[in-house]
Amino acid sequence: MNIPWQLQLRAIYTIAWKNWLLFIRYPLNAIFRVVQPLMWLTPIYFLGLSFKSAAGNVGFAGYAGTSDYMSFILVGAMLSSYISAVFWGMGYALKNEMDSGVMESNWLTPVPRFAFLIGQTLTNLVTTTLVNAGILALGWWLFGFTITGNLWQAVAVVLPMLLALYGFGFAFAAVVLLMRDANMLIDVSDFLISILSGSQFPVQVLPGFLLPIALALPLTYGFDVARGLLIRTTTLLPIPYEIAILVLFMAVTVPLGYWVFRRIERRIKRLGTLGMH
């Protein structure tokens, strides 16, 4: 059945609005989402000060091209939060529908599957952006976060990375359907991908056996180019090359991830385990 695109957009909006209403019903959770990252970042700030010499953080600057380690980490924390938003938005939302017993009834509606999945993450992406704005404002006040580069260029370059994350999200949603479990899978995957992509440190410091894995992850170049444009760090590759990697990453990952999701969904339907949990 061919569903008009206007109705598909309406379905995406309805799912996103439902999730937004759930989010604002618990304002303390929203506040905690801003406070929690700062709780983790504050010890890093003082640890960095303890290694600072009269000449600055020269060891860190040797790898990153800047001694502003706090801005480096804040940019990484901001970008890694989008990884979590997509992974948890898609995978965990399906698990919640399984647990509440509405998975099969939702799947019977004439709404494309990608509309369900995008709608589940849309609110997460919006709230993550608002939370990141609060974190960066507090980071400027508490830790001296500064942007020395071009903010809008960085935003434009990061957009392909965020779109490419949907490919990962589609694939993880498929695995959740297959395994009927989300917590451990998403927790481990989210942590490993963020760490290996250099969310908290320059990837050059990784051991020799992990560095090739990090350099094979396109997200590594997303973190790298964003920092290069925002705080003028030394990038792994020339910035145009890293942008090309992100665009290729987006073009390949999104259709591939959705293809994997549809294949596994058909298998789940044949097995009759769609609503099981």
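Refer to the preceding data block for the structure.
The model shown is predicted, which means the values in this text are computed figures rather than measured ones. Residue numbering note: each chain is counted from 1, following its sequence as written. Reporting in this predicted model follows two pLDDT cut-offs: at least 70 for local features of residues, and 80 or more for side-chain atom pairs to be given and counted; totals over whole chains, interfaces and linings ignore these cut-offs and use all residues. The side-chain figures draw on all heavy atoms in the structure; neither hydrogens nor water molecules are used.

Looking at this structure, how should I read the overall build of the chain?
Strands here mean DSSP runs of E at least two residues long; helices mean DSSP runs of H or I at least four residues long; both are numbered from the N terminus. For the chain, the count of helices and strands is 11 helices and 0 strands. Going from the N terminus to the C terminus, the chain shows its helices and strands as α-α-α-α-α-α-α-α-α-α-α. Only C-alpha atoms enter the radius of gyration; for comparison, a globular chain is expected to reach 2.2 Å times N to the power 0.38, where N is the number of residues. Computed over its C-alpha atoms, the radius of gyration of the chain comes to 20 Å, within 12% of the 19 Å expected for a compact globule of 277 residues. Counting only residues that meet the buried cut, the chain has 45% of its 277 residues in that class. Here a residue-residue contact requires only that any non-hydrogen atoms of the pair lie within 4.5 Å. For the chain, the share of sequence-separated contacts (at least 6 apart) that also reach a separation of at least 24 residues comes to 78%. All accessibility values rest on the Shrake-Rupley procedure with a 1.4 Å probe; residue burial counts only the protein chains present in the view. Carbon and sulfur atoms make up 70% of the accessible area of the chain, which amounts to about 14,400 Å² in all. Asp and Glu are treated as the negative residues and Lys and Arg as the positive ones, with His and the ends of the chain left uncounted. Charge positions come from single atoms, namely NZ of Lys, CZ of Arg, CG of Asp or CD of Glu. Taking the 16 positively charged and 10 negatively charged side chains of the chain as two groups, their mean positions are separated by 8 Å. Relative accessibility under 20% of the residue-type maximum defines a buried residue, over 50% an exposed one, and the middle range a partly exposed one, all with a 1.4 Å probe and only protein chains included.

Mind showing me how you'd approach the layout of surface pockets here?
Summary: where empty space remains is shown by rolling a probe the size of a single water molecule over the atoms. Looking at the largest pocket, its volume works out to about 1,500 Å³. As for the largest pocket, its lining consists of 44 residues, and the residues nearest its centre are Arg-33, Gln-36, Ser-81, Ser-84 and Trp-88. At the level of elements, α1 (5-24), α2 (27-50), α4 (69-100), α6 (113-143) and α8 (183-196) are the ones that each hand at least two residues to the lining of the largest pocket. The dominant element in the lining of the largest pocket, judged by the number of residues it contributes, is α4, at 15 residues. When the residues that make up the lining of the largest pocket are grouped by side-chain class, the tally is 20 nonpolar, 19 polar and 5 charged. Counting only elements with at least two residues in the lining of the second largest pocket, the list comes to α4, α6, α7 (151-179) and α10 (218-231). Ranked by the residues each element gives to the lining of the second largest pocket, the list is headed by α7, at 8 residues. Residues belonging to the lining of the second largest pocket are distributed by class as follows: 19 nonpolar, 2 polar and no charged. For each structure, a 1 Å grid was placed over the protein atoms alone; sets of points admitting a 1.4 Å probe that cannot get out are labelled cavities, open sets with protein on both sides within 12 Å along at least five of seven lines are labelled pockets, and lining residues have an atom within 4 Å of a point. Grid points are joined across faces, edges and corners, and a volume is the space filled by probe spheres set on the points. Each residue is assigned to one of three groups, with Ala, Val, Leu, Ile, Met, Phe, Trp, Tyr, Cys and Pro labelled nonpolar, Asp, Glu, Lys and Arg labelled charged, and all others, Gly among them, labelled polar.

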